[in-house]
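So the chains spell out like this:
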Amino acid sequence: MPFKLSEESQETPDLAIANARNHSDSSSYTDFPDKTERTPPVIGKGGAVQRSEDVTAYLQVVGAFFLMFNSWGVANTFGAYQNYYESALLKDETPSRISWIGSIQAFLLLLLGGLLTGPIFDAGHLRGLVIVGTVASVFGMMMTSICREYWQVVLAQGLVVGFGSGCMLLPSVAVFPQYFTKRRALATGLAAAGSSLGGVVYPTVFHELQPKIGFGWTTRVIAFMMLGTLTIPLAVMRAKVFPSTRRPLFDFKVLRNMPYVLFSLGEFFGFMGMYIPFYYITSYSLAKDIANPNLSFYLLAIINAASIFGRIVPNFVADISGPLNICGPFVLFCGIIAFCWTSVSSIGQIIIFCLFYGFFSGTFVSITGPSIASLSTDLSLVGTHMGMSFAAASLGLLVGNPVAGVLLDSYGWIGPAMFCGATNVLAGICVVLARVSKTGKVWVVKA
């Protein structure tokens, strides 16, 4: 039987597309055979509990929360490791070379999670992806705990953890269109908040335990925490339906869609500069003697905490105004804030910088999926289109932080700050152009 949105989600075509949200995953917009249904159809409005209020549906939110907690959350933690590596384990390496570790991890997370694992999910292997991701991520962190050389850390924390995180990303966003119609925005926002909370919890654990029990055992504690929390999605996550047809990895026809191309270019520039403060804000505070080492370390936690609200609150507005109308201005604000980075010289200023940058950057990261869905001309291929766009974003994420490290060595802190600001402004311009290309020169319109 054809997959149809419920009546409450059919307000306008754009809203239906926006509600297709973070499906950087399987194309559950294709037709599904009856035999794939695992639960009875929803009874009328006056009948039993709707799908969006079912206990099983909310268990998917819990499971997806912890998948985000241990995929993007671990990637957001690398700033803590960057600071430690620069001062201790890899102190003979340049900041640029050290940042390649985190960049490779985040690159694989987006590339695998956005592009390559889609056909595996479509084939019905959600549980297999979660199992492989759990084993690889935990094993990679355990191996990181015994590393002593740069190349060992690249292999363990960069490649293995990145591979595991990429396997877990797709299941964390692929199940929501199957379970939620009326409260999908809330469900998506709550799950996405897991990545920011992970970026608060794991750096705090590292900072508190590393001086007491050493780098090795601290990293093992984090690995055991990952293993424990990942048992939750292993226990509760279930896909409701699977598509009857497999989506392709690439759709070259969409490259003739100018709004889509412009937005993907914006993603490339945005992710190139977006995470530079996450990696370097602690080092900046210590180098400028703004705060003591303890408070400087918690600046990363402050950025991640602020991004929790940036991932949840604007998503509700986006359902009304359209995701492009939110995405463009917010990423431009990120650029403006980044240009102010080097003027920060006191504790109060740097905390305000972290709060504002964390909030606006969190919005850009969480709203890219709905934005691409609103630009896709074929809903049956929206997962493919998201994967292609995320692949472009992953390339920007791969090179951005190492380039910032080279600029830091060559020009001082003005280098990475201006690079971060310029790439974010370029991203904002591309998103605005994508919006204008889609709607024309109309200021008040949902897009």
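Starting from 1, residues in each chain are numbered consecutively following that chain's sequence as written. This being a predicted model, a pLDDT of at least 70 is required before a residue's local features are given, and a value of 80 or more before pairs of side-chain atoms are given or counted; all residues contribute to the totals for chains, interfaces and linings. Side-chain calculation: all heavy atoms of the structure are included, whereas hydrogens and water are not.

Enquirer: How would you sum up the overall build of the protein chain? Please name residues and give values.
Expert: Helix and strand definitions follow DSSP, with helices as H or I runs of at least four residues and strands as E runs of at least two, each counted in order from the N terminus. A tally of helices and strands in the protein chain yields 17 helices and 0 strands. Relative accessibility decides the category of a residue: with a 1.4 Å probe and only protein chains considered, values under 20% of the type maximum give buried, values over 50% give exposed, and everything between is partly exposed. Here the protein chain, with 447 residues, has 60% of them falling under the buried criterion. Should any heavy atoms of two residues lie within 4.5 Å, those residues are considered in contact. Long-range contacts, defined here as pairs at least 24 residues apart, represent 85% of the contacts in the protein chain between residues at least 6 apart. With an accessible surface of roughly 16,600 Å², the protein chain has 70% of that area assigned to carbon and sulfur atoms. Calculation of accessible area relied on Shrake-Rupley with a 1.4 Å probe; when residues are assessed, cover is drawn exclusively from the protein chains displayed.

Enquirer: Now, about unusual backbone geometry: what can you tell me, with residues and values included?
Expert: The residue aspartate 289 is not glycine, and still its phi comes out positive at about 55 degrees. Looking at the secondary structure, you find aspartate 289 in the loop between helix H12 (276-287) and helix H13 (293-321).

Enquirer: A description of the packing of aromatic side chains should follow, citing residues and the corresponding values.
Expert: Under the pairing criterion, centres of Phe, Tyr and Trp rings, with the six-membered ring standing for Trp, must be within 6.5 Å; the plane angle then separates stacked pairs below 30 degrees from edge-to-face pairs above 60, leaving the rest tilted. Inspection of the entire model under this criterion finds 31 aromatic pairs. Ring plane angle 25 degrees and centroid distance 5.8 Å describe the contact between tryptophan 341 and phenylalanine 353, whose orientation is recorded as stacked. Here tryptophan 341 is found in the loop between helix H14 (323-339) and helix H15 (347-375), whereas its partner phenylalanine 353 is found in helix H15, with 12 residues between them in sequence. Phenylalanine 353 shares its class with tryptophan 341; the two are buried. Clustering of aromatic rings is evident, with ring pairs tying together Trp72, Tyr275, Phe278, Tyr280, Tyr284, Trp341, Phe353, Tyr357 and Trp413. In this scheme, the term charge over a ring applies when either NZ of a lysine or CZ of an arginine sits within 6 Å of the ring centre and within 35 degrees of the ring normal. The residue whose ring lies beneath arginine 97 is tyrosine 150, and the NZ or CZ to ring-centre distance is 4.3 Å. It is arginine 220 that lies over the ring of tryptophan 217; its NZ or CZ is 4.7 Å from the centre.

Enquirer: Tell me about the packing of helix H11 (residues 258-274) against helix H16 (residues 382-411), and name the residues and values.
Expert: Only C-alpha atoms enter the line fits that serve as axes; for helices the fit covers just the stretch in contact. Angles between N-to-C directions range over 0 to 180 degrees. With their axes 6 Å apart at the nearest point, H11 and H16 run at an angle of 30 degrees to one another. Viewed along their axes, H11 and H16 adopt a mutual orientation that is roughly parallel. The interaxial crossing formed by H11 with H16 has right-handed handedness. The residues of H16 that touch H11, namely those facing Tyr260, Phe263, Ser264, Glu267, Phe268, Phe271 and Met272, are His385, Met388, Ser389, Phe390, Ala392, Ala393, Leu395, Gly396, Leu397, Val399, Gly400 and Asn401. Each residue is assigned to one of three groups, with Ala, Val, Leu, Ile, Met, Phe, Trp, Tyr, Cys and Pro labelled nonpolar, Asp, Glu, Lys and Arg labelled charged, and all others, Gly among them, labelled polar. For the contact of H11 with H16, a count of residues per class yields 12 nonpolar, 6 polar and 1 charged. Under this scheme an angle from 65 to 115 degrees is roughly perpendicular, one under 35 degrees roughly parallel, and one over 145 degrees roughly antiparallel; angles in between are oblique. Each crossing is labelled by how the near helix is turned from the far one, with a counterclockwise turn of less than a right angle marking it left-handed and a clockwise turn marking it right-handed.

Enquirer: Would you mind going over helix H4 (residues 78-87) in detail, with residue names and values included?
Expert: Taken across its 10 residues, H4 has 8 buried, putting it largely inside the fold. Inspection of H4 places Phe78, Gly79, Ala80, Tyr81, Gln82, Asn83, Tyr84 and Tyr85 among the buried residues, and these make up the whole buried set.

Enquirer: So what about empty space enclosed by the protein? Which residues, and what values?
Expert: Grid points spaced at 1 Å over the protein atoms alone were grouped into cavities, where a 1.4 Å probe fits but cannot get out, and pockets, open sets with protein on both sides within 12 Å along at least five of seven lines, with lining residues defined by an atom within 4 Å of a point. Grid points are joined across faces, edges and corners, and a volume is the space filled by probe spheres set on the points. Taken as a whole and assessed by the stated rule, the structure comprises 2 cavities of 30 Å³ or more. In this structure, the second largest cavity spans a volume of roughly 40 Å³. Around the second largest cavity sit Val74, Thr77, Phe78, Tyr81, Met141, Gln157, Tyr202 and Ile222, which together line it. Contributing elements (two or more residues each) for the lining of the second largest cavity: H4 and helix H10 (184-236).

Enquirer: Can you tell me about the packing of helix H5 (residues 95-116) against H16, naming the residues and giving the values?
Expert: It is the contact of H5 with H16, at a shortest axis distance of 8 Å, that shows an interaxial angle of 175 degrees. Between H5 and H16, the angle falls in the class roughly antiparallel. A per-class count over the contact of H5 with H16 returns 19 nonpolar, 8 polar and 1 charged.

Enquirer: Hey, could you go over the pattern of salt bridges for me, with residue numbers and the actual values?
Expert: Each reported salt bridge corresponds to a side-chain nitrogen of Lys or Arg within 4 Å of a carboxyl oxygen of Asp or Glu. Within this structure, the stated rule accounts for 1 salt bridge. In this structure, arginine 97 engages glutamate 93 in a salt bridge whose closest nitrogen and oxygen atoms are separated by 2.5 Å.

Enquirer: So what about the nonpolar core? Which residues, and what values?
Expert: Counting 102 residues, the largest nonpolar core has Trp72, Tyr85, Phe271, Tyr275 and Trp341 as its most contacted members. Sorting elements by how many residues they give to this core places H15 first, with 11 residues. We call a set of buried residues a nonpolar core when its members are Ala, Val, Leu, Ile, Met, Phe, Trp, Tyr or Cys and they connect through side-chain atoms within 4.5 Å of each other. Judged by nonpolar contacts, the second largest core, of 19 residues, contains Leu126, Val130, Val175 and Met237.

Enquirer: Tell me about H14, and please be specific about residues and values.
Expert: Helix length check: H14, at 17 residues, gives a terminal C-alpha distance of 25 Å against a target of 24 Å (1.5 Å per residue), a fit within 8%. Listed in full, the buried residues belonging to H14 are Pro323, Leu324, Ile326, Cys327, Gly328, Phe330, Val331, Cys334, Gly335, Ile337 and Ala338. Expected span of a helix, by definition, is 1.5 Å for each gap between consecutive residues, and there is one gap fewer than residues.

Enquirer: Which residues make up a nonpolar patch on the surface, and what values do they have?
Expert: Taken together, the side chains of Leu116, Leu249, Phe250, Phe252 and Leu255 present a nonpolar region at the surface, about 490 Å² in accessible area. Counting through the fold element by element, leucine 249 comes out in the loop between H10 and H11. Classification of leucine 249 as partly exposed rests on a relative accessible area of 32%. Exposure above 30% relative accessible area and the lack of any salt bridge qualify a residue for a patch; like charges then connect within 9 Å, and the nonpolar side chains Val, Leu, Ile, Met, Phe, Trp and Tyr within 5 Å.

Enquirer: Lay out the confidence of the model for the protein chain with the relevant residues and their values.
Expert: Averaged over every residue, the pLDDT of the protein chain is 82; residues scoring 70 or more account for 83%. Per-residue confidence from the predictor is reported as pLDDT, which spans 0 to 100. When the criterion is pLDDT under 50, residues 1-46 qualifies, and its contacts beyond four places in sequence or with other chains add up to 114 contacts.

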